[in-house]
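# Architecture and fold: a report
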There are 2 protein chains.
Amino acid sequence: MTKKIGTGTYKFQTPVEVSAFSSIVGQKEKEGPLGKYFHKYSNDEYFKQDSFEKAESFMQKEVLNDVIQQEKISPQDIEFIFAGDLLNQCAGSNFSVRDTPVQFFGLYGACSTMAEGTILAAMTVDGGFANRAIALTSSHFCSAERQFRFPLEYGNQRTPTSQWTVTGSGCVMLSKENDANKPKIKDCCPGVVCDMGITDMNNMGAAMAPAAALTLKRYLDDTKTKPEDYDLIVTGDLGSQGKELLRILLKKDGITLGKEYDDCGTMIYDCEKQDVHAGGSGCGCSASVLTGYILPKMMQMRYKEVLFMTTGALMNPNTSLQGESIPGIAHLVHFSMN
Amino acid sequence: MTKKIGTGTYKFQTPVEVSAFSSIVGQKEKEGPLGKYFHKYSNDEYFKQDSFEKAESFMQKEVLNDVIQQEKISPQDIEFIFAGDLLNQCAGSNFSVRDTPVQFFGLYGACSTMAEGTILAAMTVDGGFANRAIALTSSHFCSAERQFRFPLEYGNQRTPTSQWTVTGSGCVMLSKENDANKPKIKDCCPGVVCDMGITDMNNMGAAMAPAAALTLKRYLDDTKTKPEDYDLIVTGDLGSQGKELLRILLKKDGITLGKEYDDCGTMIYDCEKQDVHAGGSGCGCSASVLTGYILPKMMQMRYKEVLFMTTGALMNPNTSLQGESIPGIAHLVHFSMN
């Protein structure tokens, strides 16, 4: 007997508490519709470090330390950190945690990392391994552009379906506590890799939407619930293109997403005014929207039942140059105030 | 109350069974001292694929499918695959699992990935989330060389402390079963990131040895055991340099490693005859030695108590170019036939 329901939704024996959380973003995100909600920001894209990569690690350190301070604990009181990012060999995370003596599990889930880490952290708490576990991730527009696309100095033209990597980071601390005012994780649905043959690296929404449709359909079937049972169903960063594709794909399966559905990539920017084309992307997109906006709104009882589903495009520049299509994945976490 | 002992060793409620395992290697590994033990090999470095990266994914698919076939199950009978590799964005793993409909958690732990994945898979089994979970990883000399160092065609000179990335892959399937003839995982000790300031990318043994010393010392203290209580203590791929450093570092802490200690990087090659300098490295090194040699020898009762500790160097080429030192990590798994 396991805690599994149906095809692969996992119900925690005791709901896992989100005890603390923190967010940090850059200037462009500060100027967006959610700007006032983030815990911290910097108008310096280097965050006073000497490279974009170091700036990314700095953001992670800021939110990690903030969460530790909020809880008035020391790193020794935390069992595990689950962290990952988009940099080659997940260097953003590896360097952010090296001064924090906590047992570390490095992840790579592309833009799905926030839910991936949250699921695994929650499993270690509910499985009896941890009193406290952390999920942490980040992305940075400048470190991502030069690694995945072109040097910024080149000033390349962006296609209409392209997304803008969010400069931001988010961190959650999960625990065995049971404070009625804090959001709880009731269940989760880890994703399956799904590749429908999309090859355009500038249309990652299309590459990820089928994975999101698959995970959401599995979750709703497993739990025998409907989209309208939730106050908010939010995808990681499908952007405006992927968001519409998700609606279309689910409609074919008889599932209609109503106005409870939104996407972190379209929430974080005013796509038109801020010239970001299809919206935001990057691990830091869903991580900062979750920790800066969604979780605080849950504590204010604006949202009581939230499905947070982050999506990842699992290619690298070489696989695309070698003609491969783009595998996608989507991990789902159910946060609840009830 | 958690399953934690001391500083961070986790004792499973019920020992987790290693139900099946498989290994695959390339020609050079086949010609090494452990050559006859591996399940499969190819004398074609492309494994009949059209790129080295695709060859790496192919190896993972081979061992994954072998394990599924050994157990006479279908992918639907497995709850989770934990996999990662050295390629940018862990592409080796992302592409290897896309035809296998199993919930997937992508990892990045550099050469520590085999123990990292095994620990997390075991936690999901013992935590009540999975009946069966898989840990999978790989590395390929040719894909690693061109990504981390130089194009092969350049024919660069290798330094004496450098290691040779193993072309190989390994896979274990863990389960709730309880067959007396199969190895069990009794406990584990996840690693903490440790950076002692080593900056030489060609001396990764030195960068990783302090992390290995820290994890092994913590584990022995937590469990109140001594090195001689184990038939085999094996590090992932410290190589000949790191192996000696580990002995020296532990001696300072009053721990003497005897002849029970070895390293997968020095076991897999005849370092002198095969001209691999300090030995083997890469995620596939410890993964193929574990699944090809150690676990089978345990089933023959040659080893009854084994500490398997994989080590990872968590830099990327950019962080080294930016003058950063190399953070290390070491994850430990205790396999037992008792």
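So, how was this worked out
Residues numbered from 1 in each chain as written. Chains lettered and ligands numbered in written order. Predicted model: local features only at pLDDT ≥ 70, side-chain atom pairs only at ≥ 80, totals over all residues. Heavy atoms only, no water. Helix = DSSP H or I, 4+ residues; strand = E, 2+ residues; numbered from the N terminus. Rg over C-alpha atoms; globule rule 2.2 N^0.38 Å. Buried < 20%, exposed > 50% of the residue type's maximum accessible area, 1.4 Å probe, protein only. Areas by Shrake-Rupley, 256 points an atom, 1.4 Å probe, with all protein chains shown as cover. Salt bridge = Lys/Arg side-chain N within 4 Å of Asp/Glu carboxyl O. Contact = heavy atoms within 4.5 Å. Disulfide = S-S within 2.5 Å. Polar contact = N/O pair within 3.5 Å; in protein donor to acceptor, adjacent residues only side chain to side chain. pLDDT = per-residue confidence, 0-100. Least-squares fit on C-alpha atoms with pLDDT ≥ 70 in both. Pairing = 2+ DSSP bridges. Expected span 1.5 Å × (residues − 1). Phe/Tyr/Trp six-rings, centres within 6.5 Å; stacked < 30°, edge-to-face > 60°. Lys NZ or Arg CZ within 6 Å of the ring centre and 35° of its normal. Core = buried A, V, L, I, M, F, W, Y, C linked by side-chain atoms within 4.5 Å. Axes fitted to C-alpha atoms, helices over the stretch in contact; angles between N-to-C directions. Parallel < 35°, antiparallel > 145°, perpendicular 65-115°, else oblique. Left-handed = near helix turned anticlockwise from the far one by under 90°. Nonpolar A, V, L, I, M, F, W, Y, C, P; charged D, E, K, R; others polar.

### Let's talk about the overall build of chain A
Along its length, chain A carries 10 helices and 14 strands. Compactness check: chain A gives a C-alpha radius of gyration of 18 Å against a globular reference of 20 Å for 338 residues, within 12% of the reference. Looking at the 338 residues of chain A, the share that counts as buried comes to 68%. Here chain A has roughly 11,400 Å² of accessible surface; of this, 48% comes from carbon and sulfur atoms.

### Some thoughts on the pattern of salt bridges
A complete count under the given rule lists 24 salt bridges over all chains for this structure. The partner of Asp195 of chain A in a salt bridge is Arg98 of chain B, and the shortest N-O contact between them spans 2.6 Å. Highlighted residues: Asp195 of chain A in the loop between β9 (184-189) and α6 (204-223) and Arg98 of chain B in the loop between α3 (91-96) and β5 (103-106), drawn from two different chains. Take Asp195 of chain A: its relative accessible area is 21%, and that puts it in the partly exposed class.

### Digging into the side chain of His331 of chain A
By the element assignment, His331 of chain A lies in strand β14 (residues 328-336). The class for His331 of chain A is buried, based on a relative accessible area of 1%. Once you skip the residues sitting within four places of it in the chain, His331 of chain A turns out to touch Ser112, Ala115, Glu116, Ile119, Cys189, Pro190, Gly191, Phe308, Met309 and Thr310 of chain A together with Phe104 and Phe105 of chain B.

### Looking at the state of the cysteines
Taken as a whole and assessed by the stated rule, the structure comprises 0 disulfides over all chains. Not engaged in a disulfide, the cysteine Cys90 of chain B finds its nearest cysteine sulfur in Cys90 of chain A; these two sulfurs lie 5.5 Å apart.

### Details of the side chain of Thr266 of chain B
Residue and element names in this part refer to chain B. Relative to the helices and strands, Thr266 resides in helix α8 (residues 264-267). A distance of 3.1 Å separates the side chain of Thr266 from the side chain of Lys243, its partner in a polar contact. Beyond its immediate chain neighbours, meaning those up to four positions away, Thr266 contacts Gly239, Ser240, Lys243, Cys271 and Ala278.

### Some thoughts on the confidence of the model for chain A
Mean pLDDT over chain A stands at 97; residues scoring 70 or higher make up 100%. Listed scores for the predicted complex are pTM 0.98 and ipTM 0.98.

### As for the relation of the copies chain A and chain B
Aligned on chain B, chain A shows an RMSD of 0.0 Å; the corresponding rotation is 180° and the shift along the axis is 0.0 Å. Seen this way, the second copy is the image of the first under a two-fold rotation axis. A share of 100% of the interface residues of chain A reappears at the interface of chain B, consistent with the copies meeting face to face through the same patch.

### Concerning the pairing of β14 of chain A
Residues and elements named next belong to chain A. Of all 9 residues in β14, 9 are buried; the element is thus mostly enclosed. Residue alternation in β14 divides its side chains into two sets, Gly328, Ala330, Leu332, His334 and Ser336 and Ile329, His331, Val333 and Phe335, and both sets are buried. In this structure, β9 lies alongside β14, joined through 5 bridges in antiparallel fashion. Considered in β14, the bridge of Cys188 is made with Val333. Relative to β14, strand β13 (residues 305-313) runs antiparallel, the two being bridged by 9 bridges. What sits directly across from Gly312, in β14, is Ile329.

### Re the interface of chain A and chain B
Of the residues lining the interface, 66 residues belong to chain A; the matching set on chain B comes to 66 residues. Counting across the chain A and chain B interface gives 6 salt bridges. For Glu324 of chain A, the salt bridge identified is with Arg98 of chain B, shortest N-O distance 2.8 Å. Across the chain A-chain B interface, the total number found is 34 residue pairs in polar contact (both at pLDDT 80 or more). It is helix α4 (residues 113-126) of chain A that provides the largest number of residues to the side of chain A that touches chain B, a total of 6 residues.

### Some words on unusual backbone geometry
All names here are of chain A. Not every positive phi belongs to a glycine, and Lys48 is a case in point at roughly 60°. As for its position among the elements, Lys48 is in the loop between β3 (40-41) and α2 (52-70). You can call Lys48 exposed: its relative accessible area is 77%. Its identity as a non-glycine residue notwithstanding, Gln89 has a phi of 55°, on the positive side. Relative to the assigned elements, Gln89 resides in the loop between β4 (80-85) and α3 (91-96).

### Observations concerning α2 of chain A
An α-helical segment advances 3.6 residues per turn. Residues three or four places apart therefore align on the same side. Look at α2 of chain A: 27 Å from first C-alpha to last across 19 residues, which is about the 27 Å you get at 1.5 Å a residue. A positive phi of about 50° marks Lys72 of chain A, the residue just after α2 of chain A.

### A closer look at the packing of aromatic side chains
Tallied over the full model, the rule gives 28 aromatic pairs over all chains. In this structure, Lys3 of chain B packs its charged tip against the face of Phe129 of chain A, placed 4.6 Å from the ring centre. Residue placement shows Lys28 of chain B over the ring face of Trp164 of chain B; its charged tip is 4.1 Å from the ring centre.

### So, the nonpolar core
Counting 110 residues, the largest nonpolar core has Ile294 and Phe335 of chain A together with Ile294 and Phe335 of chain B as the members making the most contacts within it. Contacts of Phe335 of chain A, omitting those with residues within four sequence positions, involve Val18, Thr118, Lys184, Ile185, Leu290, Leu295, Met298, Lys304, Glu305, Val306 and Phe308 of chain A. Membership of the second largest hydrophobic core comes to 62 residues, among which are Ala55 and Ala144 of chain A together with Leu86 and Val193 of chain B.

### Observations concerning the packing of helix α2 (residues 52-70) of chain B against helix α5 (residues 141-148) of chain B
Residues and elements named next belong to chain B. For the pair α2 and α5, interaxial distance at closest approach is 8 Å and the crossing angle is 135°. Looking at the two axes, α2 sits oblique to α5. Judged by the sense of rotation from one axis to the other, the crossing of α2 with α5 is left-handed. Of the residues in α5, those touching α2 at Phe52, Glu53 and Glu56 are Cys142, Ser143 and Arg146. When grouped by side-chain class, the residues that make up the contact of α2 with α5 number 2 nonpolar, 1 polar and 3 charged.

### Things to note about the environment of Pro190 of chain A
One can find Pro190 of chain A in the loop between β9 and α6. Looking at Pro190 of chain A, the relative accessible area reads 0%, which means it is buried. On a C-alpha basis, the gap between Pro190 of chain A and Ser138 of chain A in space is 20 Å, while along the polypeptide they are 52 residues apart. Not counting residues up to four positions away in its chain, the partners in contact with Pro190 of chain A are Gly8, Tyr10, Ile119, Arg218, Ala330 and His331 of chain A together with Phe80, Gln103 and Phe105 of chain B.

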